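Coordinates in review
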Amino acid sequence: VFIHNTQLNLRILAWRSSNSDSMSLFRSLALLFFAAPSLGAVTSGSTSLKECDDGVSCIQVSPSGSSMKFDCHLVTNPNGGHVQDPVFLLHGFPEWSGMYLPLMKFLRNKGVANSYACNQRGYSPEASPGAVEGYDYNILKADVLAIADELGHEKFHLVGHDHGGVLGWTVAQEAERVLSYTSLSIPHIDAFSKALYGPAADQSQQYASQYFDMFMRENSASIKGNFWYLSLGLTSGRKSEYDGKYSDYLPSDFQKALWWYNGAMAAGKIAGPPAYTATQLMSAGQYSVAFLRTVFGMPPDDMVGGIDQKYPTGQITVPSSFICGKKDPAILCDNDYAHTTSDYVDADYLHLVVDCAHDLTSCGGDEQDKINQRIWERIASTVDNNK
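This section reports on the structure supplied with the text. Keep in mind it's a predicted model, so treat the numbers as computed, not measured.

As a further point, take the packing of helix α4 (residues 137-150) against helix α5 (residues 163-171). Remark: α4 packs on α5, axes separated minimally by 10 Å, with the N-to-C direction vectors making an angle of 75°. As summarised for this structure, α4 and α5 are arranged roughly perpendicular, according to the angle between their axes. Contact residues: Y137, L140, K141, V144 and L145 in α4; H163, V166, L167, T170 and V171 in α5.

The following block contains the structure:
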């Protein structure tokens, strides 16, 4: 989801160098922009994932009745661990399961028997359908449950970040399966949707989410000179995640990650903000977003006024935590709307705001320790309550 302005400023240089026709536009806007355990079809050693040592196993999971093959990291406690139900960790956009390895090792040391992080649909090369219809959020949710089934786990703890956090709230509806949930960076998606669209909208969050419609355009990865592919896809970490077999990452590959946005809207799981013009954004001091609006223009007419959330997630009845960074430029998770997440959790709940930006797995220092500890405490308190 997030776009660090500094990173995007640097990445846009690559886009500029490959698009000489865009130079005049770039020059005119640059100053403004720069201001701102295995069962069934589970195999090991066949995933081409790189990080498969230091207690990390790499497995490939193919749920029963599916042609999809998901590449997953598995961290197992050699002593068995006292938390027998596993932890499943859902990555976001554009991220990979390897981002969770430090946290998974931390949880192993705390006593978690098994934790799994899979490259999800559109990220695992052999689980990447070639049409946008394959990324409906209901299908993505079914993937998570099917992977758990294939691995033989009826119940599990859940952690999700970014788009994985959005997906996690929908999976957490399954109270008979999910024991606890920790969302990193994403408030309850009904609260988030109300901030994006409708009479209670938070205009600052609407500004921050203007990229939604830009990600959802047809062929969004390759339009405007491969803008999103070069600025976000090419540098997302695919080469550090996989060995040479899957190290190449093309715009057509990155398009599948972008389709998660289309899939969330198609399933009615989340709202979309109204589109503001570049002039409106400039007047509001949103210079970076105004630049993007100038590049991509206004969306199709059916998106200009925003998109309502058709199917709210509703109440979550499993113990839940929402951890977010107060420096996050994309999800303004310390705004009033985000604090209403508590209204949607009918169970023990924690909202923790840390001195970090969007990526809460690599914040570092004392804040990272605090994040990891709160994730562990959510899991451990649930285990204690079930004794």
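The next thing to look at is the pairing of strand β3 (residues 70-76). For β3, the buried fraction is high: 6 of the 7 residues fall into the buried class. Across 6 bridges, strand β2 (residues 56-61) lies against β3 in antiparallel orientation. Looking across to β3, one finds that V56 is bridged to V75. Pairing between β3 and strand β5 (residues 114-118): 5 bridges, direction antiparallel. Bridge pairing links T76 to N114 in β5.

Residues F93, W228 and F254 are the most contacted members of the largest nonpolar core, which totals 80 residues. Ranked by residue count, the leading element in this core is helix α11 (residues 251-266), at 8 residues. For F254, the residues in contact, after removing those within four places along its chain, are F93, P94, A221, W228, Y229, L232, G233 and Y249.

All right, on to the state of the cysteines then. One covalent bond between the sulfur atoms of two cysteine residues makes up a disulfide. With the rule as written, the count across this model stands at 4 disulfides. In this model, C324 is linked to C333 through a disulfide, with the two sulfur atoms separated by 2.3 Å. Taking the torsion about the S-S bond as the criterion, the C324 to C333 disulfide, at about 100°, is right-handed. In terms of burial, C324 and C333 fall into one category: buried. C356 shares a disulfide with C363; S-S distance 2.0 Å. Between C356 and C363, the S-S torsion sits near -90°, and that sign places the bridge as left-handed.

The rules behind each value
- Residues numbered from 1 in each chain as written.
- Predicted model: local features only at pLDDT ≥ 70, side-chain atom pairs only at ≥ 80, totals over all residues.
- Heavy atoms only, no water.
- Axes fitted to C-alpha atoms, helices over the stretch in contact; angles between N-to-C directions.
- Helix = DSSP H or I, 4+ residues; strand = E, 2+ residues; numbered from the N terminus.
- Parallel < 35°, antiparallel > 145°, perpendicular 65-115°, else oblique.
- Contact = heavy atoms within 4.5 Å.
- Buried < 20%, exposed > 50% of the residue type's maximum accessible area, 1.4 Å probe, protein only.
- Pairing = 2+ DSSP bridges.
- Core = buried A, V, L, I, M, F, W, Y, C linked by side-chain atoms within 4.5 Å.
- Disulfide = S-S within 2.5 Å.

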